[in-house]
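Read off the chains here:
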Amino acid sequence: MYTQGLDSLGKECVHTAAGDTAALEARFQGKVDADKKIEPKDWMPEAYRQTLIRQISQHAHSEIVGMLPEGNWISRAPTLRRKAVLIAKVQDEGGHGMYLYSAAETLGIEREQMLQQLLAGTAKYSSIFNYPTLTWADVGAIGWLVDGAAIMNQIPICRCSYGPYARAMVRICKEESFHQRQGFEIMLALARGTSEQQAMAQDALNRWWWPSIMMFGPSDTESKHTAQSMRWKIKRFTNDELRQKFIDITAPQAKFLGLRIPDPDLVWDEAGGHFKFGEIDWSEFQAVLKGNGPCNRERLEARRSAHENGRWVREAAAAHAEKQRARAQRVA
Amino acid sequence: MRMNTPMSNDWPLYEVFIRSRAGLEHKHVGSLHAADAAMAVEHARDVYTRRQEGVSIWVVRSNDIVASDPNDADALFEPARDKVYRHPTFYAIPDEVKNL
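What comes next concerns the included structure.

The rules behind each value
Residues numbered from 1 in each chain as written. Chains lettered and ligands numbered in written order. Predicted model: local features only at pLDDT ≥ 70, side-chain atom pairs only at ≥ 80, totals over all residues. Heavy atoms only, no water. Helix = DSSP H or I, 4+ residues; strand = E, 2+ residues; numbered from the N terminus. Rg over C-alpha atoms; globule rule 2.2 N^0.38 Å. Buried < 20%, exposed > 50% of the residue type's maximum accessible area, 1.4 Å probe, protein only. Contact = heavy atoms within 4.5 Å. Areas by Shrake-Rupley, 256 points an atom, 1.4 Å probe, with all protein chains shown as cover. Lys, Arg positive; Asp, Glu negative; His and termini not counted. Charge placed at Lys NZ, Arg CZ, Asp CG, Glu CD. Axes fitted to C-alpha atoms, helices over the stretch in contact; angles between N-to-C directions. Left-handed = near helix turned anticlockwise from the far one by under 90°. Nonpolar A, V, L, I, M, F, W, Y, C, P; charged D, E, K, R; others polar. Salt bridge = Lys/Arg side-chain N within 4 Å of Asp/Glu carboxyl O. Polar contact = N/O pair within 3.5 Å; in protein donor to acceptor, adjacent residues only side chain to side chain. Core = buried A, V, L, I, M, F, W, Y, C linked by side-chain atoms within 4.5 Å. Expected span 1.5 Å × (residues − 1). Pairing = 2+ DSSP bridges. Phe/Tyr/Trp six-rings, centres within 6.5 Å; stacked < 30°, edge-to-face > 60°. Lys NZ or Arg CZ within 6 Å of the ring centre and 35° of its normal. Disulfide = S-S within 2.5 Å.

This part takes up the overall build of chain B. Regarding its fold elements, chain B presents 2 helices and 3 strands. Taken over the C-alpha trace, chain B has a radius of gyration of 21 Å; the compact-globule value for 100 residues is 13 Å, which it surpasses by more than 25%. Each of the three principal axes of chain B carries a C-alpha extent, and together these read 65 × 40 × 15 Å. Counting the 100 residues in chain B, one finds 26% classified as buried. By sequence separation, contacts in chain B at least 24 residues apart represent 44% of the contacts at least 6 residues apart. As presented, chain B carries roughly 7,100 Å² of accessible surface, and 55% of it is formed by carbon and sulfur atoms. Charge-centre separation for chain B: the mean point of 12 positive side chains lies 5 Å from the mean point of 15 negative side chains.

Given below as structure tokens:
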């Protein structure tokens, strides 16, 4: 059950001795190893809880901030059909944020608190959204590559050990498929268009390729959390495994579009059965993560002003609800 | 567990149940915040039924739900554990007996 309210039933503060904790941890790990789900009220190690809060809230923030680069093109979509599709997609991203905030709340953090962390700039979100959307082709490239990479990341999380996160991911993955396909369709239309349109598609691929493959996170040798997260079955594949899978399925799609992936070292390795690819510039990834990407400041400003501009609506709704409650009480 | 954080300005939390089509029961799908029940229904429509996932919505304040404690699950469900005779497969019936 997605709720904090259940805790008012008490029994929370039973003090456990150190020996009991070890037994509880062994039992917890046993459940995880047996592929049983952990649900909100079940005992879990504090570090597991904190890891999930961090990961799910970052994921939720990414969905919300992710609405901005694409929202930028709603008013300039080339046709009414494209516009309707883009609105639906951006609305989905908002919905995904809501599912994920709900899942995070089951771990004992309040929505308000997560929102404050985002607005204060202390919470992270996917660094991909700190890149600008300069042309309409970027909307296609985002759907095809960014949503494609997100799907690759998210499908294994549908089997995550934490029930509410896994269920939210199932719902999200069902919806993401449309996002990727509409993006590819935009790229296809451009790739089959005039030479200017083809150039636009190529330019978008040039700018989005490397940031997209960095979305899988640092290389396995650098990734701090991977081993523990895999033991807890929060994570099922390593960053490098997922990145390789993504490149293997995306390279032929680029070829179909007649576009060139901006990596001179990208080559099919017949013996290995995978594409080999060039060195990733991790200094760029780190810089964007630290707040020095092209749009970090703009994205947070947009979120803050949306929050401020919506304040009167929230206050009015609360006042209205209070008035209704008072009126109902008087009648009763 | 550190669950009971101090009250915030958040609107109350509602649990959402959706009937996906007539003939099926309402099923829990998630939760959301809303100022009141009417807003919770509208938000539930936008958050959980963007692709015609439902024909009916229930919302209920999370605080109003009373739940069993997972720590007590063993004791709570123990009475049913040794009563396999409640299942039809418990009874051995000769093959030649039909329609039973």
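We are not done yet, so read on.
Residue and element names in this part refer to chain A. Running from N to C, helix α4 (residues 80-105) and helix α5 (residues 111-119) point in directions that differ by 120°, and their axes come no closer than 9 Å. Crossing geometry of α4 relative to α5 is assigned as right-handed. Taken together, the residues of α5 that come into contact with α4 (itself represented by Met98, Tyr101, Ser102, Ala104 and Glu105) are Arg111, Met114 and Leu118. Of the residues that constitute the contact of α4 with α5, the class distribution is 5 nonpolar, 1 polar and 2 charged.

All right, on to the pattern of salt bridges then. All names here are of chain A. Under the counting rule described, the total for this entry stands at 24 salt bridges over all chains. Put simply, aspartate 138 and arginine 207 hold a salt bridge, and the shortest N to O gap is 2.7 Å. Taken together, the residues aspartate 138 in helix α6 (residues 136-154) and arginine 207 in helix α8 (residues 195-214) connect sequence positions 69 residues apart. Of the residues examined, aspartate 138 reaches a relative accessible area of 0% and is grouped as buried.

Residue and element names in this part refer to chain A. By secondary structure assignment, the location of asparagine 130 is in the loop between α5 and α6. One polar contact links asparagine 130 to tyrosine 125, side chain to side chain, over a distance of 2.7 Å. Excluding its chain neighbours within four sequence positions, the residues that come into contact with asparagine 130 are Tyr125, Val288, Gly293, Pro294, Cys295, Asn296 and Arg299.

What follows covers the nonpolar core. The tendency in soluble globular proteins is for nonpolar side chains to be buried side by side. Residue and element names in this part refer to chain A. Formed by 95 residues in total, the largest nonpolar core has its most connected members in Tyr48, Ile56, Tyr162, Tyr165, Trp208 and Trp209. Examining the composition of this core, we find that 12 residues originate from one element, helix α7 (residues 163-191), more than from any other. Excluding anything up to four places from it in sequence, tyrosine 165 contacts Leu52, Gln55, Ile56, His59, Leu100, Ala103, Ile157 and Cys160.

Taking 1.5 Å of rise per residue, 20 residues should cover 28 Å, and helix α2 (residues 46-65) of chain A covers 28 Å from first to last C-alpha, within 8% of that figure. The element α2(A) is largely enclosed, with a buried count of 14 among its 20 residues.

The subject of this paragraph is the sheet that holds strand β2 (residues 26-33) of chain B. Residue and element names in this part refer to chain B. What the 3 strands build is an open sheet, ordered β2-β1-β3; its pairing is antiparallel. The sheet terminates laterally at β2 and β3 (56-61), the two strands that pair on one side only. Geometrically, the sheet is characterised by an average inter-axis angle of 25° between neighbouring strands, direction not taken into account.

Residue and element names in this part refer to chain A. Per the stated rule, a full pass over the model turns up 13 aromatic pairs over all chains. Look at tryptophan 73 and tryptophan 136: their rings are 6.3 Å apart centre to centre, the planes differ by 65°, and that puts the pair in the edge-to-face class. Here tryptophan 73, found in the loop between α3 (67-71) and α4, pairs with tryptophan 136, found in helix α6; they are 63 residues apart in sequence, far enough to count as distant. The class of tryptophan 136 is buried, set by a relative accessible area of 9%. Their ring planes at 50° and their centres at 5.4 Å tell us that phenylalanine 216 and phenylalanine 246 sit as a pair that is tilted. Taken together, the positions of phenylalanine 216 in the loop between α8 and α9 (226-231) and phenylalanine 246 in helix α10 (residues 239-257) put the pair 30 residues apart, joining distant regions of the chain. The two residues phenylalanine 216 and phenylalanine 246 agree in class, both being buried. Pairwise contacts between aromatic rings join Phe28, Trp43, Tyr48 and Trp232 into one cluster. If you follow arginine 171 out to its NZ or CZ, it ends over the ring of tyrosine 99, 5.5 Å from the centre.

With the rule as written, the count across this model stands at 0 disulfides over all chains. The thiol sulfur of Cys173(A) is not disulfide-bonded, and the nearest other cysteine sulfur, from Cys158(A), lies at 3.7 Å.

Right, let's get into unusual backbone geometry. Residues and elements named next belong to chain A. Even without a glycine there, the phi angle at aspartate 35 is positive, about 60°. Tracing the chain through its elements places aspartate 35 in the loop between α1 (18-33) and α2. A residue is classified by how much of its surface remains accessible, and aspartate 35, at 48% relative accessible area, is partly exposed. Of note in this structure, lysine 233 is not a glycine but carries a positive phi near 55°. Examined against the element boundaries, lysine 233 turns out to sit in the loop between α9 and α10.

Attention shifts here to the pairing of β2(B). Residue and element names in this part refer to chain B. Examined bridge by bridge, strand β1 (residues 13-19) and β2 share 7 bridges and lie antiparallel to one another. Looking at β2, one finds that valine 16 is bridged to glycine 30. From the end of β1 to the start of β2, which pair antiparallel, there are 6 residues, and glycine 23 there has a positive phi angle of about 105°.

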